[in-house]
Amino acid sequence: MTQLNCSVTSCLYNQDHYCSKDDITVGGSNAKRTSDTCCESFRERNGSMCNSTGQASSTVDIDCEATSCVHNCGCKCCADSIGIGGGSQACHCKDTECADFCCK
Ligand code: SF4
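As named in an unreviewed UniProt entry, the protein chain is DUF1540 domain-containing protein, taken from Eubacterium ramulus ATCC 29099.

Written out as structure tokens, the structure reads:
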């Protein structure tokens, strides 16, 4: 499990910069740089929708499609910790990124 800090506060699953999903998928099968990656599990929070009721945890199981990353071990993230960036304005998964992507 990887420690995850997520700045995407517009995501339904974000609770105080932790993620309330048990597992997420990072996309970026042809990634060469950080901006080519994204959190595919992002789901936009809207005004009528309550927060996710899942329990946020500091560690998450991460499936990762960015096989060109040094932290990718058989399509799983094997970094000790990562950050998902995108901030409060993200409204689509493409607005998010894995801040710790590092091309081999
Ligand atoms: S953007 Fe991804 S990592 Fe961040 S809270 Fe949403 S699902 Fe979790």
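From this point, things continue past the structure.
### As for empty space enclosed by the protein
All told, the structure shown has 2 cavities of 30 Å³ or more when counted by the stated rule. Surrounding the largest cavity, 14 residues form its lining, C6, C11, C19, C39 and F42 being those nearest its centre. Among the secondary structure elements, those contributing two or more residues to the lining of the largest cavity are strand 1 (2-6) and strand 3 (18-19). Taken together, the residues that form the lining of the largest cavity break down as 11 nonpolar, 3 polar and no charged. In this structure, the second largest cavity spans a volume of roughly 90 Å³.

### Here's the deal with the state of the cysteines
Within this structure, the stated rule accounts for 1 disulfide. Each disulfide pairs two cysteine sulfurs, and for C73 the partner residue is C78, the sulfurs being separated by 1.8 Å. With the S-S dihedral at roughly 50°, the linkage between C73 and C78 falls on the right-handed side. The class of C73 is partly exposed, set by a relative accessible area of 39%. Judged by relative accessible area, C78 falls into the partly exposed class, the value being 39%.

The rules behind the values
Residues numbered from 1 in each chain as written. Predicted model: local features only at pLDDT ≥ 70, side-chain atom pairs only at ≥ 80, totals over all residues. Heavy atoms only, no water. 1 Å grid on protein atoms, 1.4 Å probe; cavity = no way out; pocket = protein on both sides within 12 Å on 5 of 7 lines; lining within 4 Å. Points joined across faces, edges and corners; volume = space filled by probe spheres on them. Helix = DSSP H or I, 4+ residues; strand = E, 2+ residues; numbered from the N terminus. Nonpolar A, V, L, I, M, F, W, Y, C, P; charged D, E, K, R; others polar. Disulfide = S-S within 2.5 Å. Buried < 20%, exposed > 50% of the residue type's maximum accessible area, 1.4 Å probe, protein only.

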